[in-house]
Amino acid sequence: MWAASLGLVAFLALAGFALDGAFQRTAQSGLRERLHSYALAYANSDFARDGSVIPPWDPPDARFRRPGSGLYAQIVLKDGRWESESAQGPELPPAPMLPPGKQVFEGPLPFRQINGAPGLAYRFGYGLTLSDDEGGGREIPYTVYILEDSTALARQVAAFRAALWWYLGGAGLVLLLLQTFVLRWSLRPLGDVIEELERVQRGEAAGMSQAHPRELEPLTESINAFIRSERENLERQRNTLADLAHSLKTPLAVLRARLDSDASEAELRQELDTQLRRMNDLVSYQLARAARSGHVLFSAPVEIEPQAEQIVVGLEKVYARKGVLCEFDIAPEARFHGELGDLQELLGNLLENAFKWAKARVLLSVREIPGPAGQRPGLRIVVEDDGPGIEEARIPLILQRGVRGDERVQGHGIGLSIVQDIIKSYRGQLHVGRSEELGGARFEVELPGGL
């Protein structure tokens, strides 16, 4: 704003000086034309036989008859001169003869006024000749000079300057105020952006609003995209750590159950080796899952029953006191086309959830579903239990990360969220309802077929 204001003031100053110079040149040009017209009036003067000048009976301006009026006329001859009545008293500057036809405009020239005070005057000179018919056709040269006191011109220039700088100053003040208003108004959106950024930094706002001019939309959209990306990365890191902790919970629970049992040292060693391998696989899987987006399209088909058997064996040890029986109804031809870790996480979380709530029975059913023509079939995985089931109104709630079906039951509330993430990556669907056969909860996973 300071730069724009200084630029405006400099422009107005230059404009003022330019207009002042133009007015002075115009005023001097008008003065020259006026003095020229007076000179032409006196150029028509007559001359007596003795060579004296007979001026016009009526001078072109009445001031020529008033001594010291500021307007003077001179006719310079070779052997003398004539001056108007107004020149009686003032001491005019020397007036040389000019060649015939030459015109000069000079000034300001110093002279002494009628009261003896110094003054300045502009002078127009015009060189002429007069034919003397009685003298044998000879030509008599003479020069007409018209002088005018510069006071009138200076007064005009002073009046013009006063009006000029007054109007320019007023216009400049108005323009400065208008410019300040326009700049503040036009830059106000940037101030709003800064205020919103400060609110985001203080945690008072989740992101930039959309109420910004279109010129700033790319900036605010980029800021929002950056904020979303950072929050998604942070959320992804938190989820990965939570998923890893949740995945390791079951092997650790199996180890704790075996330690509390009366198993032999050889059995403990074997169980420890098994669960350590599983935990190592889980850590590797979760790290790889965090690093990739989506799943591998072309994966070798994975048999489902061996993986389910391994998971159920561990869960039966954890929930040995409940005596839950898990039954399999797995089609022999059913295969999972994806990552082995994804299948283990999917089955592990669904079966663990069923064991946690079941009274005595859990049923795992796996069937193929027809895929697109000429492509591999899809897969339907159903896990049912004979527990209390889930109220229909609470189904959307328990599928959220960190929400448990019953706060009195130990858990982290992220198992079903992991299941949803995996199903989403395979473009599948999860249906939650009540089991008609067992009476408890029923979780149905449908994974579409394809390439």
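See the structure shown above.
These lines cover the structure that appears in this document, whether it is placed above or below. (Residues numbered from 1 in each chain as written. Predicted model: local features only at pLDDT ≥ 70, side-chain atom pairs only at ≥ 80, totals over all residues. Heavy atoms only, no water.)

**Description of the overall build of the protein**
Right, so step 1: In terms of regular secondary structure, the protein is built from 8 helices and 14 strands.
Right, so step 2: Of all 451 residues assigned to the protein, the portion counted as buried reaches 39%.
Right, so step 3: Residue pairs at least 24 apart in sequence account for 62% of intrachain contacts in the protein once pairs closer than 6 positions are excluded.
Right, so step 4: Of the accessible surface of the protein, which amounts to about 26100 Å², a share of 56% is contributed by carbon and sulfur atoms. (Helix = DSSP H or I, 4+ residues; strand = E, 2+ residues; numbered from the N terminus. Buried < 20%, exposed > 50% of the residue type's maximum accessible area, 1.4 Å probe, protein only. Contact = heavy atoms within 4.5 Å. Areas by Shrake-Rupley, 256 points an atom, 1.4 Å probe, with all protein chains shown as cover.)

**A closer look at the nonpolar core**
Right, so step 1: In this structure, Ile 304, Leu 347, Leu 351, Val 362 and Leu 364 are the most contacted members of the largest nonpolar core, which totals 43 residues.
Right, so step 2: Here this core takes 7 residues from helix H6 (residues 340-357), the largest share from any one element.
Right, so step 3: For Leu 347, the residues in contact, after removing those within four places along its chain, are Ile 304, Ala 308, Ile 311, Glu 352, Leu 364 and Ile 381.
Right, so step 4: Counting 23 residues, the second-largest nonpolar core is a separate cluster that includes Ala 39, Val 53, Ile 75 and Phe 124. (Core = buried A, V, L, I, M, F, W, Y, C linked by side-chain atoms within 4.5 Å.)

**Remarks on the packing of helix H5 (residues 304-318) against H6**
Describing two packed helices takes the angle between their axes plus the distance from one axis to the other.
Right, so step 1: One way to put it is that H5 packs onto H6 with a least axis distance of 10 Å and a crossing angle of 40°. One finds that H5 runs oblique with respect to H6. Judged by the sense of rotation from one axis to the other, the crossing of H5 with H6 is right-handed. Listed contacts from H6 to Ile 304, Gln 307, Ala 308, Ile 311, Val 312, Leu 315 and Glu 316 of H5 are Leu 340, Leu 343, Gln 344, Leu 347, Gly 348, Leu 351, Glu 352 and Phe 355.
Right, so step 2: By residue class, the composition of the contact of H5 with H6 is 10 nonpolar, 3 polar and 2 charged. (Axes fitted to C-alpha atoms, helices over the stretch in contact; angles between N-to-C directions. Parallel < 35°, antiparallel > 145°, perpendicular 65-115°, else oblique. Left-handed = near helix turned anticlockwise from the far one by under 90°. Nonpolar A, V, L, I, M, F, W, Y, C, P; charged D, E, K, R; others polar.)

**Description of a nonpolar patch on the surface**
Right, so step 1: On the surface, a nonpolar cluster with roughly 510 Å² of combined accessible area is contributed by Leu 175, Leu 178, Phe 181, Val 182 and Trp 185.
Right, so step 2: Tracing the backbone through its elements, the reader meets Val 182 in helix H2 (residues 150-202).
Right, so step 3: Judged by its relative accessible area of 38%, Val 182 falls in the partly exposed class. (Patch = residues over 30% accessible without salt bridge, like charges linked within 9 Å, V, L, I, M, F, W, Y side chains within 5 Å. Salt bridge = Lys/Arg side-chain N within 4 Å of Asp/Glu carboxyl O.)

**Considering the sheet that holds strand S14 (residues 441-447)**
Right, so step 1: Taken in spatial order, the 5 strands of this open sheet run S9-S11-S12-S14-S13, and their pairing is mixed. If you trace the sheet from one side to the other, it starts and ends with strand S9 (325-330) and strand S13 (429-434), each paired once. If you compare each strand with its neighbour and ignore which way they point, the axes differ by 15° on average.
Right, so step 2: Sheet contacts for helix H8 (residues 415-425): S13 and S14; angle to S13, the most-contacted strand, approximately 140°. (Pairing = 2+ DSSP bridges.)

**Regarding the packing of aromatic side chains**
Right, so step 1: By the definition in use, this model includes 9 aromatic pairs.
Right, so step 2: For the pair Phe 23 and Phe 160, a centre-to-centre distance of 3.9 Å together with 10° between the ring planes defines the contact as stacked. Of this pair, Phe 23 sits in helix H1 (residues 2-43) while Phe 160 is found in helix H2, placing the two residues 137 residues apart along the sequence.
Right, so step 3: For Phe 23, a relative accessible area of 23% translates into the label partly exposed.
Right, so step 4: What makes Phe 160 partly exposed here is its relative accessible area of 25%.
Right, so step 5: When the centroid spacing of 5.9 Å and the interplanar angle of 10° are considered together, the rings of Phe 105 and Tyr 122 count as stacked. Within this pair, whereas Phe 105 is found in strand S5 (residues 103-112), its partner Tyr 122 is found in strand S6 (residues 118-132), the two being separated by 17 residues in sequence.
Right, so step 6: An aromatic cluster is present here, built from Tyr 38, Tyr 42, Phe 64 and Trp 82 joined pairwise through their rings. (Phe/Tyr/Trp six-rings, centres within 6.5 Å; stacked < 30°, edge-to-face > 60°.)

**Remarks on the pattern of salt bridges**
Right, so step 1: Summed over all chains, the structure comprises 17 salt bridges.
Right, so step 2: Residue Glu 148 is joined to Arg 34 by a salt bridge in which the shortest nitrogen-to-oxygen separation is 3.0 Å. Of this pair, Glu 148 sits in strand S7 (residues 138-149) while Arg 34 sits in helix H1; the two residues are 114 residues apart in sequence, bridging distant segments of the chain.
Right, so step 3: Arg 34 gets classed as partly exposed once you look at its relative accessible area, which sits at 31%.
Right, so step 4: Glu 444 is the partner of Arg 442 in a salt bridge, and the nearest nitrogen-oxygen pair spans 2.6 Å.
Right, so step 5: The partly exposed category is assigned to Arg 442, whose relative accessible area is 26%.

**Side note on the pairing of strand S12 (residues 378-385)**
Right, so step 1: Counting buried residues along S12, 7 of its 8 residues qualify, which places the element largely inside the surrounding structure.
Right, so step 2: Taken together, the 8 bridges between strand S11 (residues 361-369) and S12 define a ladder with antiparallel strand orientation. Considered in S12, the bridge of Glu 368 is made with Leu 379.
Right, so step 3: As judged from the 6 bridges shared by S12 and S14, these two strands associate in the antiparallel manner. Its bridge partner lying in S14, Arg 380 is registered against Glu 446.

**Let's talk about the packing of H6 against H8**
Right, so step 1: Running from N to C, H6 and H8 cross one another at 145°; their axes reach a closest spacing of 9 Å. The handedness of the crossing between H6 and H8 is left-handed. Along the contact surface, H6 presents Asp 342, Glu 345, Leu 346, Asn 349 and Leu 350, while H8 presents Gly 415, Leu 416, Ile 418, Val 419, Ile 422 and Ile 423.
Right, so step 2: The residue makeup of the contact of H6 with H8, split by class, is 7 nonpolar, 2 polar and 2 charged.

**A few points about the side chain of Glu 271**
Right, so step 1: Relative to the helices and strands, Glu 271 is located in helix H4 (residues 265-291).
Right, so step 2: A distance of 2.2 Å separates the side chain of Glu 271 from the side chain of Lys 317, its partner in a polar contact.
Right, so step 3: Discounting chain neighbours no more than four positions away, the residues touching Glu 271 are Val 254, Leu 255, Arg 258 and Lys 317. (Polar contact = N/O pair within 3.5 Å; in protein donor to acceptor, adjacent residues only side chain to side chain.)

**Quick word on the environment of Ile 422**
Right, so step 1: Here Ile 422 shows up in helix H8.
Right, so step 2: With relative accessibility at 3%, the residue Ile 422 sits in the buried group.
Right, so step 3: Measuring from C-alpha to C-alpha, the distance between Ile 422 and Leu 343 comes to 8.9 Å, with 79 residues separating the pair along the chain.

**As for the pairing of strand S3 (residues 71-77)**
Right, so step 1: Within S3, 7 of the 7 residues are buried, which leaves the element mostly enclosed by the surrounding structure.
Right, so step 2: Across the two faces of S3 the burial is the same, with Leu 71, Ala 73, Ile 75 and Leu 77 and Tyr 72, Gln 74 and Val 76 all buried.
Right, so step 3: Relative to strand S4 (residues 80-83), S3 is paired through 4 bridges, and the arrangement is antiparallel. When the sheet's bridge partners are listed, Leu 77 is paired in S4 with Gly 80.

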